There are 2 protein chains.
Amino acid sequence: MSTVLDQQRIEFGQKLVEHGWLIPTLARGVNGLGGAAEAVVTGLQTLSSRIAGEQDYPALNTLRFPPVNSQELLSRTDYVASFPQLLGLISTFSGDSKAHGSLLAAAATGEPWEEQLDPSGFALIPAVCHPLYAHLEGSTVRGECYQLTGDCFRNEPSDDPFRMVAFRMREYVVLGTEEQARGHRDLWLRLSQELLESLGLQITVESANDPFFGRAGRLLASGQREAKLKFEVLTEVFPGHPTAIASGNWHQSHFGENFSITAEDGSVAHSGCFGFGLERIMLALVARHGVEVSAWPSAVRTALDL
Amino acid sequence: MSTVLDQQRIEFGQKLVEHGWLIPTLARGVNGLGGAAEAVVTGLQTLSSRIAGEQDYPALNTLRFPPVNSQELLSRTDYVASFPQLLGLISTFSGDSKAHGSLLAAAATGEPWEEQLDPSGFALIPAVCHPLYAHLEGSTVRGECYQLTGDCFRNEPSDDPFRMVAFRMREYVVLGTEEQARGHRDLWLRLSQELLESLGLQITVESANDPFFGRAGRLLASGQREAKLKFEVLTEVFPGHPTAIASGNWHQSHFGENFSITAEDGSVAHSGCFGFGLERIMLALVARHGVEVSAWPSAVRTALDL
């Protein structure tokens, strides 16, 4: 049952591939990026770094975490409880030559050789701020800002180019008092709107919820909305269908509790984060300004160093 | 049975953590990077981009592939046959609320909940050039150069900071005639030596082999050495123990055959690649110049834009 919107997404995806913005891979929902696309993603990072540097944080720390972490991190952030449908664990092969022979024999006859692998304890991270909370475990935080960029995995394969299984996020995260955490989120909802509007996008900011799993998840989602914990930054890529390209979250003391992080007033730390969906913003800019970068408004090209 | 070398590696790792260069995570062999470390990695990419731009290729194309791809890619590159011990496949959860309850019940009692997941068909890439071969499937190549950067996964957890499970590679890949592919590899063995020496590292280049699996693998490895297909670029981080920080490979027509890629003379395409181990080079620079970037030689800081 394909809708008009589904069709628009597929056609936009085809255009992106045709003009070298996206490179299909052997996996559904996984795309490589062409040179122009990667240049836009780099420009967005440089631009947001500059804006972050102008803000008044006690410290701005740039850290970088790889896409792989421990399975334990998914449990300790409650991701297994809240978003089991999205997580990814890593299986590896630890057999001997005989077991390898059996693996290859299965592969040669088209049998599912992957079933001969075992869980490794490694997992993919679904958000670039998760490793930070583990890093800060047991510490006292004072409203410092962390600037993070990295690859995330979420198991939602789709033909919609905006919904990638593997994508990059630039996040700004503050841990501290409730005021510091919430204030940080609200600051970036404003800063990001200004930034994205300066690139020619029409932006709305709306209250939102995460895709919590199952029936119990519906309660969590409505609680999240009522408490105004999550806001999305949207732009209308397809007529009548705003697409989220960034979001700001106030986690209250969720991560502070799970990782024993304390604010300077002695209370359990609150956290707030703001994440730019780098590929989504890049795609929204192509939808807005066209597939030829040379035809983009010169102010946009200058801002993104294109 | 801990050797002196093991001890030196562990002590160097502790020093890196203490001074904020590496950030331990909940997973063995997986490290985050601090601000200085990431700045060095960025500087290395900028520097190698500039050198690549000065070479005489028919084209220099920058593409970017995410860390995730299809399990099929591991089979079609023969990675499952040659390096099963290093690969990683991704498992996901596709159950209903009842299955989720059972997952959480297992997790709560410390049972291995990961066994309730299923193979997804997604896999992690072990080298950033692999997705390129699939992208070029069925095409004719003319010695163009591809510049790729990305995260790789290799299942070899270790306490040696130089041996990370998740690490980044900057690769230069040429597909074309035998002469183009081999010439490209040899060019970069020279260029990389110059680049790394200009950063103050003492470099040797030596014939090498990949860690092919099992008894049959030993034959493949010695064949690879005899045919001089692989060379490593090494620096002596610990006395008497050179560490590979980059490598150049001539794959002959291996990938050209597997992905039906043709050179302009009508023959099956050969490929050659050169890969910088970005974290390894960064760590070698810290070992050489110390943990305080401000004390690094000014020529090195200038070259890396630190």
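In this text, all values refer to a predicted model and were calculated from it rather than measured experimentally.

Engineer: Looking at this model, I keep getting lost on the overall build of chain A. Mind explaining?
Structural biologist: If you tally the helices and strands in chain A, you get eleven helices and 14 strands. A compact globule built from 306 residues would reach a C-alpha radius of gyration of about 19 Å, and chain A, at 21 Å, matches this within 12%. Overall size of chain A, expressed as C-alpha extent along the three principal axes, is 60 × 55 × 35 Å. Per-residue burial over chain A gives 55% buried out of 306 residues. Long-range contacts, defined here as pairs at least 24 residues apart, represent 70% of the contacts in chain A between residues at least 6 apart. Just so you have it, chain A exposes about 12500 Å², and 48% of that area is on carbon and sulfur atoms. Placing the 23 positive and 36 negative side-chain charges of chain A at their respective mean positions leaves the two points 3 Å apart.

Engineer: Please clarify how the UniProt feature "domain: Aminoacyl-transfer RNA synthetases class-II family profile" (unreviewed entry) in chain A should be interpreted in this entry.
Structural biologist: Sites flagged by UniProt as "domain: Aminoacyl-transfer RNA synthetases class-II family profile" (unreviewed entry) map to residues 150–297 of chain A. Its end C-alpha atoms 29 Å apart, residues 150–297 of chain A is made of 34% helix and 33% strand.

Engineer: How should I be thinking about the relation of the copies chain B and chain A in this particular structure?
Structural biologist: For these two chain copies, the linking operation is a rotation about an axis paired with a shift along it. By a simple turn and slide, chain B fits onto chain A: the slide is 0.0 Å along the axis, the RMSD is 0.0 Å, and the turn is 180 degrees. Taken together, the rotation angle and the small translation identify this as a two-fold axis. For chain B, the smallest separation between a C-alpha atom and the rotation axis is recorded for Ile90 of chain B, amounting to 2.3 Å.

Engineer: Hey, could you run me through the packing of aromatic side chains in this one?
Structural biologist: Aromatic ring pairs are reported here in terms of the distance separating the ring centres and the angle at which the planes meet. Counted by the stated rule, this structure contains 26 aromatic pairs over all chains. A cation over a ring is seen here: Arg182 of chain A above Trp250 of chain A, with NZ or CZ 4.6 Å from the ring centre.

Engineer: Is there a simple way to explain the sheet that holds strand β9 (residues 166–176) of chain A in this structure?
Structural biologist: Strand pairing in a sheet relies on backbone hydrogen bonds, with the paired strands running either antiparallel or parallel. All names here are of chain A. One open sheet accounts for seven strands, arranged β3-β8-β9-β14-β12-β11-β10; its pairing is mixed. Single-partner strands in this sheet number two, and they are β3 (60–63) and β10 (204–208). The average angle at which neighbouring strand axes cross in this sheet is 30 degrees, direction not considered. Here five bridges tie β10 to strand β11 (residues 230–238), and the two strands are oriented antiparallel to one another. Residue pairing for β11: Thr204 is matched across the bridge by Leu234. Against the sheet, helix α10 (residues 278–289) makes contact with β8 (145–153), β9, β11, β12 (241–250) and β14 (270–277), and its axis sits at roughly 40 degrees relative to β14, the strand it touches most.

Engineer: Sorry, what's going on with the interface of chain B and chain A here?
Structural biologist: Interface size is commonly expressed as the accessible area that is lost once the parts come together. With 62 residues of chain B in contact, the opposing surface of chain A contributes 62 residues. Between chain B and chain A, roughly 5000 Å² of surface is buried when both sides are summed, and carbon and sulfur atoms account for 70% of that area. Put simply, chain B and chain A have two salt bridges between them. Here Arg64 of chain A ties to Asp151 of chain B by a salt bridge, and the two come within 2.8 Å at their closest N and O atoms. Counting across the interface, chain B meets chain A through 15 residue pairs in polar contact (both at pLDDT 80 or more). Among the elements that take part in the side of chain B that touches chain A, helix α3 (residues 71–76) of chain B stands out by supplying five residues, more than any other.

Engineer: In this structure, what is going on with unusual backbone geometry? I would like to understand it.
Structural biologist: The bulk of non-glycine residues show a negative phi, and the bulk of peptide bonds are trans. Residue and element names in this part refer to chain A. Although it is not a glycine, Asp78 adopts a positive phi angle of roughly 70 degrees. Since its relative accessible area comes to 30%, Asp78 is described here as partly exposed. Its identity as a non-glycine residue notwithstanding, Lys228 has a phi of 50 degrees, on the positive side. Residue placement: Lys228 occurs in the loop between α8 (214–226) and β11.

Engineer: Help me out: how do you make sense of helix α2 (residues 35–53) of chain A in this one?
Structural biologist: If you check α2 of chain A, its first and last C-alpha atoms are 27 Å apart, about what 19 residues at 1.5 Å a residue would give, namely 27 Å. Of all the positions in α2 of chain A, only Ala37, Glu38, Val40, Val41, Gly43, Leu44, Gln45, Leu47, Ser48, Ile51 and Ala52 of chain A are classed as buried.

Engineer: Even after reading the chapter, I still don't get the sheet that holds strand β4 (residues 68–70) of chain A, so can you show me in this structure?
Structural biologist: Spatially, the six strands line up as an open sheet ordered β4(A)-β6(A)-β5(A)-β5(B)-β6(B)-β4(B), and their pairing is antiparallel. At either margin of the open sheet sits one strand with a lone partner, and together these are β4 of chain A together with β4 (68–70) of chain B. On average, each strand axis in the sheet is inclined to that of its neighbour by 50 degrees, with strand direction left out of account. Of the strand pairs in this sheet, β4 of chain A and strand β6 (residues 118–124) of chain A are connected by three bridges, and their pairing is antiparallel. Along β6 of chain A, the bridge assignment pairs Ser70 of chain A with Phe122 of chain A.

Engineer: Sorry if this is basic, but what is going on with the pattern of salt bridges here?
Structural biologist: Charged atoms that come close allow side chains of opposite charge to pair. Across all of its chains, the model carries 24 salt bridges over all chains by this definition. One salt bridge in this structure joins Arg76 of chain A and Glu72 of chain A, with 3.7 Å as the shortest N-O distance. Highlighted residues: Arg76 of chain A and Glu72 of chain A, both in helix α3 (residues 71–76), separated by four residues, approximately one helical turn. You can call Arg76 of chain A partly exposed: its relative accessible area is 21%. Residue Glu72 of chain A is classed as partly exposed on the basis of its relative accessible area, which comes to 39%. The partner of Glu178 of chain B in a salt bridge is Arg182 of chain B, with the nearest N and O atoms 3.5 Å apart.

Engineer: Would you mind showing me how to read the side chain of Glu38 of chain A here?
Structural biologist: Secondary-structure assignment places Glu38 of chain A in helix α2. By relative accessible area, which is 14% here, Glu38 of chain A ends up buried. Excluding its chain neighbours within four sequence positions, the residues that come into contact with Glu38 of chain A are Leu33 and Arg168 of chain A together with Arg64 of chain B.

Engineer: Just to check I follow, could you spell out the environment of Thr62 of chain A for this structure?
Structural biologist: Relative to the elements of secondary structure, Thr62 of chain A occurs in strand β3. On the basis of relative accessibility, which here comes to 31%, the residue Thr62 of chain A falls in the partly exposed class. In sequence terms Thr62 of chain A and Ala37 of chain A are 25 residues apart; their C-alpha atoms lie 23 Å from each other. Look past the residues within four positions of Thr62 of chain A in its chain and what remains in contact with it is Gln147 of chain A together with Leu33, Gly34 and Gly35 of chain B.

Engineer: For this particular structure, what's the right way to read the pairing of β9 of chain A?
Structural biologist: Along any regular strand, the residues point their side chains to alternate faces of the sheet. Residues and elements named next belong to chain A. With eleven of eleven residues buried, β9 lies mostly within the body of the structure. The two faces of β9 match: Ala166, Arg168, Arg170, Tyr172, Val174 and Gly176 on one face and Phe167, Met169, Glu171, Val173 and Leu175 on the other face are all buried. Sheet analysis places β8 next to β9, joined by nine bridges and oriented antiparallel. Bridging from a neighbouring strand, Phe153 pairs with Ala166 of β9. Here β9 runs beside β14; their pairing, made up of eight bridges, is antiparallel. Among the inter-strand pairings, Glu171 is bridged to a residue of β14, identified as Gly275.

Thresholds, definitions, all that
Residues numbered from 1 in each chain as written. Chains lettered and ligands numbered in written order. Predicted model: local features only at pLDDT ≥ 70, side-chain atom pairs only at ≥ 80, totals over all residues. Heavy atoms only, no water. Helix = DSSP H or I, 4+ residues; strand = E, 2+ residues; numbered from the N terminus. Rg over C-alpha atoms; globule rule 2.2 N^0.38 Å. Buried < 20%, exposed > 50% of the residue type's maximum accessible area, 1.4 Å probe, protein only. Contact = heavy atoms within 4.5 Å. Areas by Shrake-Rupley, 256 points an atom, 1.4 Å probe, with all protein chains shown as cover. Lys, Arg positive; Asp, Glu negative; His and termini not counted. Charge placed at Lys NZ, Arg CZ, Asp CG, Glu CD. UniProt positions renumbered as here; feature names shortened; annotations may be inferred. Least-squares fit on C-alpha atoms with pLDDT ≥ 70 in both. Phe/Tyr/Trp six-rings, centres within 6.5 Å; stacked < 30°, edge-to-face > 60°. Lys NZ or Arg CZ within 6 Å of the ring centre and 35° of its normal. Pairing = 2+ DSSP bridges. Axes fitted to C-alpha atoms, helices over the stretch in contact; angles between N-to-C directions. Buried area = accessible area lost by both parts, 1.4 Å probe. Salt bridge = Lys/Arg side-chain N within 4 Å of Asp/Glu carboxyl O. Polar contact = N/O pair within 3.5 Å; in protein donor to acceptor, adjacent residues only side chain to side chain. Expected span 1.5 Å × (residues − 1).

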